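Structure at a glance
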Amino acid sequence: MNILQQHLASKNWDAALACYDNLLKTHWDSNLAMSQTNVLINTGKVQQAFNLLETILTHDPTNTDALFSRDFYNLFTSPTAAWEPLLRTIGNRKLNLLQQLLFLQFRLIYMWVSGKPTDDIHAVCDIADTLLRPWSGDIIARRQPANVSAMVAGNMFSLASFLSTIRALNFIQDGNRQRKPQYPALVMMGDSHVLAPHGKLVMWEGTLHQVQSEVITGIKAWHVAQPSRYQYAQYLFARIRHIPTPTPIVFSFGEIDCRYNQGIWPHIRKGQRISNILQNTFPPAITTLAPHLQDRSWGVAGIPAPHIDEVIKLPQPEWESFGAMVAAANTCYQQAVTSAGGTYVNLYAFTADEVGIRTPEWDLDRIHLKPATLGCALEGQATTSQTTA
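What you are looking at is a predicted structure, and each value in this text was computed from that prediction instead of being measured.

The rules behind the values
- Residues numbered from 1 in each chain as written.
- Predicted model: local features only at pLDDT ≥ 70, side-chain atom pairs only at ≥ 80, totals over all residues.
- Heavy atoms only, no water.
- Pairing = 2+ DSSP bridges.
- Helix = DSSP H or I, 4+ residues; strand = E, 2+ residues; numbered from the N terminus.
- Axes fitted to C-alpha atoms, helices over the stretch in contact; angles between N-to-C directions.
- 1 Å grid on protein atoms, 1.4 Å probe; cavity = no way out; pocket = protein on both sides within 12 Å on 5 of 7 lines; lining within 4 Å.
- Points joined across faces, edges and corners; volume = space filled by probe spheres on them.
- Nonpolar A, V, L, I, M, F, W, Y, C, P; charged D, E, K, R; others polar.
- Buried < 20%, exposed > 50% of the residue type's maximum accessible area, 1.4 Å probe, protein only.
- Arc of directions from axis to C-beta.
- Phe/Tyr/Trp six-rings, centres within 6.5 Å; stacked < 30°, edge-to-face > 60°.
- Lys NZ or Arg CZ within 6 Å of the ring centre and 35° of its normal.
- Contact = heavy atoms within 4.5 Å.
- Parallel < 35°, antiparallel > 145°, perpendicular 65-115°, else oblique.
- Left-handed = near helix turned anticlockwise from the far one by under 90°.
- Core = buried A, V, L, I, M, F, W, Y, C linked by side-chain atoms within 4.5 Å.
- Salt bridge = Lys/Arg side-chain N within 4 Å of Asp/Glu carboxyl O.
- Patch = residues over 30% accessible without salt bridge, like charges linked within 9 Å, V, L, I, M, F, W, Y side chains within 5 Å.
- Areas by Shrake-Rupley, 256 points an atom, 1.4 Å probe, with all protein chains shown as cover.

In spatial order, the strands read β2-β3-β1-β4-β5-β6; together these 6 strands make up an open sheet with mixed pairing. Either end of the sheet is taken by a strand with one partner, and the two such strands are β2 (201-204) and β6 (343-345). The mean angle between the axes of side-by-side strands here comes to 35°, regardless of whether they run parallel or antiparallel. As judged from the 3 bridges shared by strand β5 (residues 298-301) and β6, these two strands associate in the parallel manner. When the sheet's bridge partners are listed, G299 is paired in β6 with T343.

Each pocket or cavity is described by its volume, and for the second largest pocket that value is around 250 Å³. Taken together, K220, W222, D257, G263, I264, H267, Q272, N276, I277, N280 and T281 make up the full set of residues lining the second largest pocket. Residues belonging to the lining of the second largest pocket are distributed by class as follows: 3 nonpolar, 6 polar and 2 charged.

Attention now goes to helix α15 (residues 282-289). Within α15, burial applies to F282, A285, I286, T288 and L289. Buried residues of α15, seen end-on, are gathered within an arc of 160° and therefore sit on one face of the element.

Summed over the entire model, instances satisfying the criterion amount to 13 aromatic pairs. Taking NZ or CZ as reference, R142 lies 4.3 Å from the ring centre of F157, over its face.

Another aspect to go through is helix α6 (residues 83-91). Every buried residue belonging to α6 is among W83, L86, L87 and I90, and all of these are buried. Each buried residue of α6 lies within a common arc of 100° when the element is viewed along its axis, so the set occupies one face. For α6, the secondary structure elements touched by its buried residues are α5 (64-77), α7 (97-113), β3 (207-215) and α12 (231-241).

Each pair of packed helices gets described by two things: the angle between the helix axes and the distance between those axes. Running from amino to carboxyl end, helix α3 (residues 30-42) crosses helix α4 (residues 46-59) at an angle of 165°, the nearest separation of the two axes being 8 Å. Overall, the two elements α3 and α4 adopt an arrangement that is roughly antiparallel. The crossing of α3 and α4 is left-handed. Here S30, A33, M34, Q36, T37, L40 and I41 of α3 come into contact with α4, specifically with V46, Q48, A49, L52, L53 and I56. Split into classes, the residues belonging to the contact of α3 with α4 amount to 9 nonpolar, 4 polar and no charged.

Turning to the nonpolar core, a few remarks are in order. With 130 residues, the main nonpolar core has L236, F251, F253 and F282 as its most contacted residues. Ranked by residue count, the leading element in this core is α7, at 11 residues. Residues contacting F282, with those up to four places away along its chain left out, are A221, G254, C258, I264, I303, A329, C332, Y333 and A336.

Below, the discussion takes up the pairing of strand β4 (residues 249-252). Where burial is concerned, the two faces of β4 agree: the one with I249 and F251 and the one with V250 and S252 are both buried. Note that strand β1 (residues 185-190) and β4 share 4 bridges and pair parallel. Its bridge partner being in β4, V187 is matched across the sheet by I249. Note that β4 and β5 share 3 bridges and pair parallel. Within β5, the position partnered with I249 by the bridge is W298.

Counted under the stated rule, the structure contains 13 salt bridges. For E214, the salt bridge identified is with R239, shortest N-O distance 3.0 Å. Within this pair, whereas E214 is found in strand β3, its partner R239 is found in helix α12, the two being separated by 25 residues in sequence. Like R239, E214 is buried. As a salt-bridge pair, D363 and R358 come within 2.6 Å of each other at their nearest N and O atoms.

So, about the packing of α6 against α7. Remark: α6 packs on α7, axes separated minimally by 11 Å, with the N-to-C direction vectors making an angle of 145°. Handedness of the crossing formed by α6 with α7: left-handed. Each of W83, E84, L87, I90 and G91 in α6 lies in contact with α7, whose residues at this interface are F103, F106, R107, I109 and Y110. Class assignment of the residues belonging to the contact of α6 with α7 gives a composition of 7 nonpolar, 1 polar and 2 charged.

Our next topic: a nonpolar patch on the surface. A cluster of nonpolar residues, I308, I312 and W319, forms a patch on the protein surface that exposes about 250 Å² of accessible area. Locating I312 in the fold gives a position in the loop between α16 (308-311) and α17 (319-339). Using a relative accessible area of 43% as the deciding quantity, one classes I312 as partly exposed.

Quick look at unusual backbone geometry now. Geometrically, the link from T245 to P246 is a cis peptide bond, its omega value of 5° lying close to zero. Mapped onto the fold, P246 is located in the loop between α12 and β4. The phi torsion at E205 lies on the positive side, around 55°, for a residue other than glycine. Its place among the elements puts E205 in the loop between β2 and β3.

Of note, C332 is situated in helix α17. For the pair C332 and L278, spaced 54 residues apart in sequence, the C-alpha separation works out to 6.8 Å. Excluding residues within four positions of it along the chain, C332 makes contact with L278, Q279, F282 and P283.

Structure follows, in structure tokens:
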């Protein structure tokens, strides 16, 4: 066990996994096996993790952690339309704090995408707000709460973000979300940016389509660029397989990579060359993605211009260079997408003012854009005086 702890501490994952295998062959321990599934998931070995979960449940059918992890694997890899029975099953179990945070994120996503009534969504938002209230000060300050793990804290921030976004969308929704589809679907798949356009009508390749959103929480371009290291790419590919051809897909990931406090920018502040980081992020992501998209048209919704509230969190001398990084990321991303045969929806060009800050006309909140933005950008409508939601 001491050797295993050393491998985990040094992030020598292959050696750690081999150590797990040897220990479990000598003596089966469900808790140790659960620990191994977490390492497998976090190193992109998702199918191996799922197989191990099934083995754990063979030994211990009532293992609540294994049941939860298995069900969440199925949520991540299934289309949103299939989530309801899984969520019902999870919701009937006794959940710890981390599990409650994850469950409410997925429940809110499902309710929004499946067109549940506004009042029902408000009720679940209130439940989430009550759960988060003891840590509200830390969440507002983006500060690590005392006495909780980094993973729990991260999911507190994530739930708070989804809660804020879905409340805003629920307030301004115009009915498209609940409309029975009468047009061919355009699937929008990726991070939380796909929520806002759900249900909107957009023009794609000259034909009117209705956006159908598929959320993969937390996905970054960096994850897709290295599918053998991260679970998110595996979730993405699994979700793509559920989309019938020739249904077009527009992807949304890359904005998280370009925030002031994570992804690319902290590495630039440490002295790494921006061109190297961009070339190691966006082109490999598209090279990895493109083979999964044969026989359908596809595109990528680019990275919006940064919100002023995000920019001013940086020291003033960095404002201009941070904005230049976001612009350069879009240029690199666009070249990769178009070279691979996709369509790049340049949300940066559409939303940026003359100094590269996002114009407020398109703001839903400091991160997300209004629902109409994607359609307007696709149609080339650069009139930022519009205030439609």
